[in-house]
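Report on the structure
Each chain, written out:
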Amino acid sequence: MPLFGAHMSIAGGYFKSLVAAQEHDCQAVQLFTKNNNQWAGKTLSGEDIRLFRHNWQESNLQVSLAHDSYLINLASPDETLWQRSLEAFVIEMERAKALGLDYLVMHPGAAVDGDEKAGLIRVARALDKVYLRCPKYHVKILLETTAGQGTSLGHRFEHLAEIINLSKNPESLGICLDTCHVFAAGYPLAPVKEYRATMKAFDQIIGLDRLLAFHVNDSKKTFGSRVDRHAHIGQGCLGLEPFRLLVNDRKFRKHPMILETPKENDMDTVNLKTLQDLVGNTRNL
Ligand SMILES: [Zn+2]
Ligand SMILES: [Zn+2]
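Report follows, based on the coordinates. What you are looking at is a predicted structure, and each value in this text was computed from that prediction instead of being measured. (Residues numbered from 1 in each chain as written. Chains lettered and ligands numbered in written order. Predicted model: local features only at pLDDT ≥ 70, side-chain atom pairs only at ≥ 80, totals over all residues. Heavy atoms only, no water.)

1. Considering the overall build of the protein chain
- Within the protein chain, the regular secondary structure consists of nine helices and ten strands.
- Taken over the C-alpha trace, the protein chain has a radius of gyration of 18 Å; the compact-globule value for 285 residues is 19 Å, and the two agree within 12%.
- With the principal axes as the frame, the protein chain shows a C-alpha extent of 50 × 45 × 30 Å.
- Per-residue burial for the protein chain yields a buried fraction of 54% across its 285 residues.
- Considering only residue pairs separated by 6 or more positions, the protein chain has 77% of its internal contacts joining residues 24 or more positions apart.
- For the protein chain, the exposed surface amounts to about 12400 Å²; the carbon and sulfur share of it is 50%.
- Taken as two groups, the 33 positive and 33 negative side-chain charges of the protein chain have centres that lie 3 Å from each other. (Helix = DSSP H or I, 4+ residues; strand = E, 2+ residues; numbered from the N terminus. Rg over C-alpha atoms; globule rule 2.2 N^0.38 Å. Buried < 20%, exposed > 50% of the residue type's maximum accessible area, 1.4 Å probe, protein only. Contact = heavy atoms within 4.5 Å. Areas by Shrake-Rupley, 256 points an atom, 1.4 Å probe, with all protein chains shown as cover. Lys, Arg positive; Asp, Glu negative; His and termini not counted. Charge placed at Lys NZ, Arg CZ, Asp CG, Glu CD.)

2. A few points about empty space enclosed by the protein
- As enumerated under the stated definition, the model contains one cavity of 30 Å³ or more in all.
- Taken as a whole, the largest cavity holds about 40 Å³ of empty space.
- Looking at the largest cavity, the residues that line it are Leu177, Thr179, Leu189, Tyr195, Met199, Pro242 and Leu246.
- Listed by contribution, the elements that provide at least two residues to the lining of the largest cavity are helix H7 (192-205) and helix H8 (241-247).
- Partitioning the lining of the largest cavity into residue classes produces six nonpolar, one polar and no charged. (1 Å grid on protein atoms, 1.4 Å probe; cavity = no way out; pocket = protein on both sides within 12 Å on 5 of 7 lines; lining within 4 Å. Points joined across faces, edges and corners; volume = space filled by probe spheres on them. Nonpolar A, V, L, I, M, F, W, Y, C, P; charged D, E, K, R; others polar.)

3. Quick word on the coordination of the zinc ion (ligand 1)
- Distances from the zinc ion (ligand 1) to its protein donors, namely Glu144 (OE), Asp178 (OD), His215 (ND1) and Glu260 (OE), fall within the range 2.1 to 2.2 Å.
- For the zinc ion (ligand 1), all donor residues lie on one chain, and their spacing in sequence is E-x33-D-x36-H-x44-E.
- Taken as an interatomic distance, the gap from the zinc ion (ligand 1) to the zinc ion (ligand 2) is 4.4 Å. Of the two residues, Glu144 sits in strand E5 (residues 140-144) while Asp178 sits in strand E6 (residues 173-178), which places them 34 residues apart along the sequence. Here the two residues Glu144 and Asp178 agree in accessibility, since each one is buried. (Donors = N, O, S within 2.8 Å, 3.2 Å for Na, K, Ca; no water.)

4. Focus: the coordination of the zinc ion (ligand 2)
- With distances of 1.9 to 2.4 Å, the protein atoms coordinating the zinc ion (ligand 2) are His181 (NE2), Asp228 (OD), Asp228 (OD) and His230 (NE2).
- If you look at the zinc ion (ligand 2), its four donor atoms make angles of 54 to 135 degrees with each other, and the shape they trace is irregular.
- Read in sequence order, the donor residues for the zinc ion (ligand 2) give the motif H-x46-D-x1-H.
- Given a relative accessible area of 2%, His181 falls into the buried group. (Tetrahedral: all angles 85-135°; square planar, octahedral: opposite > 155°, others 65-115°.)

5. Considering helix H2 (residues 46-58)
- Here H2 is 13 residues long and its end C-alpha atoms lie 18 Å apart, about the 18 Å a rise of 1.5 Å per residue gives.
- Taken as a whole, H2 has its buried residues at Asp48, Phe52, Asn55 and Trp56. Around the axis of H2, the buried residues are gathered within 105 degrees of arc, so they sit on the same side. Across from the buried face of H2, at angles greater than 90 degrees, the exposed residues are Gly46, Gln57 and Glu58.
- On the buried face of H2, the contacting elements are helix H1 (15-23), strand E2 (28-31), strand E3 (63-67) and helix H3 (79-99). (Expected span 1.5 Å × (residues − 1). Arc of directions from axis to C-beta.)

6. Quick look at the nonpolar core
- Counting 74 residues, the largest nonpolar core has Phe89, Met93, Leu127 and Phe252 as the members making the most contacts within it.
- Of the residues forming this core, the biggest block, eight residues, is contributed by H3.
- Other than its neighbours up to four places away in sequence, Met93 contacts Leu104, Val130, Cys134, Tyr137, Val139 and Ile141. (Core = buried A, V, L, I, M, F, W, Y, C linked by side-chain atoms within 4.5 Å.)

7. Examining the pattern of salt bridges
- Overall, the coordinates contain nine salt bridges when judged by the stated rule.
- The partner of Asp128 in a salt bridge is Lys168, and the shortest N-O contact between them spans 3.9 Å. Of the two residues, Asp128 sits in helix H4 (residues 116-133) while Lys168 sits in the loop between helix H5 (157-166) and E6, which places them 40 residues apart along the sequence.
- Residue Asp128 is classed as buried on the basis of its relative accessible area, which comes to 11%.
- Here Arg244 makes a salt bridge to Glu241, at a shortest N to O gap of 2.9 Å. Note that Arg244 and Glu241 are positioned in helix H8 at a spacing of three residues, about one turn of the helix. (Salt bridge = Lys/Arg side-chain N within 4 Å of Asp/Glu carboxyl O.)

8. Some remarks on the packing of H3 against H4
- Relative to each other, H3 and H4 sit at 40 degrees, their axes nearing to 10 Å. With respect to H4, the axis of H3 lies oblique. For the crossing formed where H3 meets H4, the hand is right-handed. Where H3 approaches H4, its residues Glu79, Trp82, Leu86, Glu87, Phe89, Val90 and Met93 are matched on the opposing element by Arg122, Arg125, Ala126, Leu127, Lys129, Val130 and Arg133.
- Per-class residue counts for the contact of H3 with H4 are eight nonpolar, no polar and six charged. (Axes fitted to C-alpha atoms, helices over the stretch in contact; angles between N-to-C directions. Parallel < 35°, antiparallel > 145°, perpendicular 65-115°, else oblique. Left-handed = near helix turned anticlockwise from the far one by under 90°.)

Structural data, given as structure tokens:
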């Protein structure tokens, strides 16, 4: 079975994300290591780290992901903003390392001047600098597939392949595939023939060995809309079938699959159950 989990809040302490994940019988967890809409974060205290690591040790959780701040734009053509983003990203890496997290998921960024190629080069250049400043960190960076809103990069598999190819340390980079985003970006995930075609394209362009994690979200917006709005599993434009195909795909049976769906009415419990119930439903596969 894949390692199911959800993005959990750190309100009240970093360790609270682990407590919430365990309450939901998760095997994986994702968290922000700082407020995701602010540049400056409260310093991580020794006590924060101790509590988090202690709770991790005591838990049955198997994999942990951080998600970077939405303000960071390593593709920015504005030198000041690019530099600021780089500094903020290094701090995210340091925090993930201090907490002992496995992955740091990042959005590649936006080429706000419309020059995609230059934007991809800037992302790779920034990641080269991150690598030099965070030597031998065990935290692996995962580039996330995006919906392609506005000038956002990462909505074509070619964008992510290009960043990896331009990087001086390609082995330090992996991919997190978000089901809502790729669908909105125009990659079909069902029926099975289309699902397989999308995975084959991913393999040929990036390589499935780089695909290390999933964000499992349904989409409020239609196929190819390039708009990023998450829906509960089975209640959006994807429906259940893509998730049935994904959770039963033997290639991904030990991969983390993280919910980033709205939290109201403890819908995490419902969404996790929906995913779990699809495991083993291999009719016509
Ligand atoms: Zn996501
Ligand atoms: Zn999203």
